[in-house]
Amino acid sequence: MTPQEFFALLVLATAMSFTPGPNTALSTALAANGGLRRALRFCLAVPTGWTLLMLVCGLGLGAVVMAVPALRGAVQIAGVSYMLWLAWRLAQTHRLAQADDARLNVGFWQGVALQFVNIKAWMLALALTGGWVTTQAGQPAPNPGERLVIVIAVMAVYAFSSNFTYAMVGSLLRRWLAEGQRLLWFNRTMAAILVATAVWMLRL
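Below or above, wherever it landed, is the structure these notes cover.

### What about the packing of helix 2 (residues 22-34) against helix 3 (residues 36-58)?
So, step 1. For the pair helix 2 and helix 3, the least separation of the axes is 7 Å and the interaxial angle reads 160°. It follows that helix 2 is roughly antiparallel to helix 3 by the angle criterion. Handedness of the crossing formed by helix 2 with helix 3: right-handed. Two secondary-structure elements touch here, helix 2 through Asn23, Leu26, Ser27, Leu30, Ala31 and Gly34 and helix 3 through Leu36, Arg38, Ala39, Phe42, Cys43 and Val46.

Next up, the structure:
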């Protein structure tokens, strides 16, 4: 991979990883409600799920999912339904004690699975496969396996870094949010972000 390609990959990774989305919203909400340690499982689940998704796309299966309307629709419906369900639970949590009672219990494997029902993640993985893994300067790449490893490593680092950064913000707000109705309105804001993301996914 040329330095120019690698730099372009870093720019894309930064833009896609650090902009608000379902993963970063959940990382922030989980840390604000349950603390940084509790959110860490999800922060690790995102790059794990992303790595598996990227491997699937690198092997060519991602193109099949996106090309078959029924499969693509199933991914969209599953992703939207799950995010709306999370938003509903999040919007009802107004005390830290409720969060501790597992109202917001998004485990490691749930976080991994979330990557597979995120149509945005599929589209990004396919774009990376076509733009950085299988091609080089518009021609078939002579080393797609090596390029796939580089892309996975870069995106996994960014996926963890962005979600951990958002989780730290949520954790720092935890004590402040515990007063009055602040946590309720914070959770409702995060829920609104999830709903907005779900609606946007339906239009892809």
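### So, the packing of aromatic side chains
Aromatic ring pairs are described here by two measures, namely the spacing of the ring centres and the angle between the planes.
So, step 1. Under the defined criterion, the tally for this structure stands at five aromatic pairs.
So, step 2. On the basis of an interplanar angle of 80° and a centroid distance of 6.4 Å, the ring pair of Phe18 and Tyr158 is categorised as edge-to-face. Of the two residues, Phe18 sits in helix 1 (residues 3-18) while Tyr158 sits in helix 9 (residues 144-177), which places them 140 residues apart along the sequence.
So, step 3. Each ring, one from Phe160 and one from Phe164, has its centre 5.5 Å from the other, and the planes form 15°; the classification is stacked. Within this pair, Phe160 and its partner Phe164 are both found in helix 9, separated by four residues, close to a single helical turn.
So, step 4. Residue class for Phe160 comes out partly exposed when judged on its relative accessible area of 27%.
So, step 5. Above the plane of the ring of Trp185 lies Arg188, whose end atom (NZ or CZ) is 4.9 Å from the centre.

Conventions and cut-offs
- Residues numbered from 1 in each chain as written.
- Predicted model: local features only at pLDDT ≥ 70, side-chain atom pairs only at ≥ 80, totals over all residues.
- Heavy atoms only, no water.
- Axes fitted to C-alpha atoms, helices over the stretch in contact; angles between N-to-C directions.
- Helix = DSSP H or I, 4+ residues; strand = E, 2+ residues; numbered from the N terminus.
- Parallel < 35°, antiparallel > 145°, perpendicular 65-115°, else oblique.
- Left-handed = near helix turned anticlockwise from the far one by under 90°.
- Contact = heavy atoms within 4.5 Å.
- Phe/Tyr/Trp six-rings, centres within 6.5 Å; stacked < 30°, edge-to-face > 60°.
- Buried < 20%, exposed > 50% of the residue type's maximum accessible area, 1.4 Å probe, protein only.
- Lys NZ or Arg CZ within 6 Å of the ring centre and 35° of its normal.

In short, the description is geometric, and any link to function would need to be established separately.
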